[in-house]
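Examining the three-dimensional arrangement
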Amino acid sequence: MRIITAAEIAGALTHGALVDALADAFRSDITVPLRHHHPIPQPDGAPEAMLLLMPAWTPPGEGAFVGTKLVSVYPGNGARGLPSIYGSYVLCNGETGAPLAILDGTMLTVWRTACASALASRFLSRKDASSMVMVGAGALAPHLIRAHAAVRPIRNVALWNRSREKAAALADGLGRTVPGVSITVATDLQAAVEEADIVSCATISAEPLVSGAWLKRGAHLDLVGGYTPAMREADDAAVTRSSLFVDTRTGGLKEAGDIVDPIRRGIIRTEDVRADLFDLCRGRHAGRASRDEITLFKSVGTAIEDLAAAILVWRSLPV
């Protein structure tokens, strides 16, 4: 069995190729059981830990694969000087069940998450979208910028983060690695959003950061960070002004605060979510309907994306 490191994953993938692989996966018959959540009590009243299992498998037969992402969340690790989240991905032969590889789950996740947003952008942002605001300067931010730039002619990116120093450090590092794209630090989020064709958010904010009143006609809003019903990255105006799309209805209508919260309060209805990535990739919904339409994509992640990314890495690495 092979151990595939974060560096090997980054070396094997390109954002364009992974977007294509994800599109194929959402058109295929990959089986995705419900994500397993297992709480793990901690001693001395420490916050409860969690084990997450995300399995998926391709149809049986030659060339089949089975994969599972294992994620451990230990909130108390900060006091130990350790990351609170660890992830690994186990890829197996789908014909025999024999393990093929263990992949770095953290790196696999940031790649597939960013490319899922870019896949949605293929259907939902304007084809001539050239300006982008990146809200948040964490591990996902550089991948989201590169992924969106792989599917749209992005020329200008404004980075906004609560810590201006962190945004400046990311802008400086990215400026040398994203050819043809000007990357600046935004001090006024409203002004930056008002000019942007694409607004991408990857934060852990519990309160809305982006107002729908700021979105210009034809804008596309990409919400990635909020992954629980208690988290919001955009306000109710953003939700009501936009045509709403999710990665999967199962996840988006259960875990995404930007969708679940306004439904719970009667601001929108479940039926207002127009399509998910299955519908878009299989041609059941065309995506953007007009140049002036405002679109919103909410991502919470799915094991289909992990499996597709792991297979692409496996097939791309030298034997």
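The preceding data block contains the structure.
One structure accompanies this document, and this report is about it.

Reading the values: rules and limits
Residues numbered from 1 in each chain as written. Predicted model: local features only at pLDDT ≥ 70, side-chain atom pairs only at ≥ 80, totals over all residues. Heavy atoms only, no water. Pairing = 2+ DSSP bridges. Helix = DSSP H or I, 4+ residues; strand = E, 2+ residues; numbered from the N terminus. Axes fitted to C-alpha atoms, helices over the stretch in contact; angles between N-to-C directions. Contact = heavy atoms within 4.5 Å. Polar contact = N/O pair within 3.5 Å; in protein donor to acceptor, adjacent residues only side chain to side chain. Buried < 20%, exposed > 50% of the residue type's maximum accessible area, 1.4 Å probe, protein only.

So, the sheet that holds strand β1 (residues 2-4)
- Reading across the sheet, the 6 strands line up as β1-β6-β5-β4-β3-β2 and stay open at both edges, with mixed pairing between neighbours. Unpaired on one side and paired on the other, β1 and β2 (36-40) mark the two borders of the sheet. Averaged over all pairs of adjacent strands, the angle between strand axes in this sheet comes to 20 degrees, irrespective of strand direction.
- Pairing of strand β3 (residues 49-57) with strand β4 (residues 65-73), which is carried by 8 bridges, proceeds in the antiparallel orientation.

Some words on the environment of Ser125
- With respect to the helices, strands and loops of the structure, Ser125 is situated in the loop between α3 (105-124) and β7 (131-135).
- Note: C-alpha distance between Ser125 and Thr295 (170 residues apart in sequence) is 7.2 Å.
- Excluding its chain neighbours within four sequence positions, the residues that come into contact with Ser125 are Arg152, Ile198, His220 and Arg288.
- Among the polar contacts listed, one links the side chain of Ser125 to the side chain of Ser121, at a separation of 2.7 Å.
- A distance of 2.9 Å separates polar atoms of two side chains, one belonging to Ser125 and the other to Arg152.

Here we look at the pairing of strand β6 (residues 99-104)
- Looking at chain direction, β1 and β6 are connected through 3 bridges and run parallel. For Ile4, the partnering residue across the bridge sits in β6 and is Leu103.
- Where strand β5 (residues 85-93) hands over to β6, the hairpin turn is made up of 5 residues, of which Gly97 adopts a positive phi near 80 degrees.

A closer look at unusual backbone geometry
- For Asp44, which is not a glycine, the phi torsion comes out positive at approximately 60 degrees.
- Looking at where Asp44 falls in the secondary structure, it is placed in the loop between β2 and β3.
- With relative accessibility at 82%, the residue Asp44 sits in the exposed group.

On their own, these measurements won't tell you what the molecule is for.
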